[in-house]
Amino acid sequence: MRFENENEVLATVRASAGRRILGLGALGLLGVLLIYISLFHPPALGWRVFLLLMGIGALWGADLMRRATASAVELTPLGLRDADGTVIAPVEEIEAIDRGFFAFKPSNGFLLKTKAAQPGIWRPGLWWRTGRRIGVGGMTPGYQSKVMAEIIAAMLLERGSDG
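Residues numbered from 1 in each chain as written. Predicted model: local features only at pLDDT ≥ 70, side-chain atom pairs only at ≥ 80, totals over all residues. Heavy atoms only, no water.

### Focus: the sheet that holds strand β3 (residues 79-82)
- Strand order in the open sheet formed by four strands is β1-β2-β3-β4, and the pairing between neighbours is antiparallel. Looking at the sheet topology across the chains shown, the edges are occupied by β1 (11-14) and β4 (87-90). On average, adjacent strands in this sheet sit at an angle of 15° to one another, irrespective of strand direction.
- Examined bridge by bridge, strand β2 (residues 72-76) and β3 share four bridges and lie antiparallel to one another. Bridge pairing links Leu 75 to Leu 80 in β3. (Pairing = 2+ DSSP bridges. Helix = DSSP H or I, 4+ residues; strand = E, 2+ residues; numbered from the N terminus. Axes fitted to C-alpha atoms, helices over the stretch in contact; angles between N-to-C directions.)

### Let's talk about the sheet that holds strand β6 (residues 110-123)
- Judged by pairing direction, the sheet is antiparallel, and its three strands sit side by side in the order β5-β6-β7 without closing on themselves. Since the sheet does not close on itself, it has two edges, and those belong to β5 (94-98) and β7 (127-136), each with one partner. Adjacent strand axes in the sheet meet at a mean angle of 75°, parallel and antiparallel pairs treated alike.
- Judged from the eight bridges that link them, β6 and β7 form a sheet pairing that is antiparallel. Of the residues in β7, the one forming a bridge with Trp 122 is Trp 128.

This is the structure we're talking about:
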C-alpha cells in the first residue's frame, strides 16, 4: 500500500458514550460506596483503612479511565498512535496481530506483538502496552476495532510479500 499523506488517519477507535458512562459510573459508585462504608459503618481499624484506600483507588482509577477514554487510537501509514500524539507502535515494529477468541486481548479489541519491547503504559478502557504486547480495545465498539485490525493485517501481509 502506498499512501500520499503519511499523517492520513486510516482508522480510528474511540470509546463509545454508553460504555464510557456505564464503566465510569460503576467504578465511581464502587469508590463512593467503599469510602461510605469505611466512614459511616466502621469495621475494625485495619478493615477501615483498607476500605478507605480501596475507595480512593477506585475513584483514582475512574478519573484515569475518564481521561484515557476521552482520547482515541488512530492508525496512520506510519503507525498506531493515541489522538494526544503518543506513539503506540510504528508499523515497521509490528510483528503480528491476534484477534482470536482465546487471545489475551481487551474486550472488543485485538492484540499486537512488536519486534522489540517498549516501555509499559496503560490507558484504561482504550489501550495498554507491556513489553512486546499491545492491547487495543476495552470500551470501544467492536466494529471500529475490527476495521483497524483488518487494515493492520493487510499492511502486515503486504509488507511480508514485499520482502
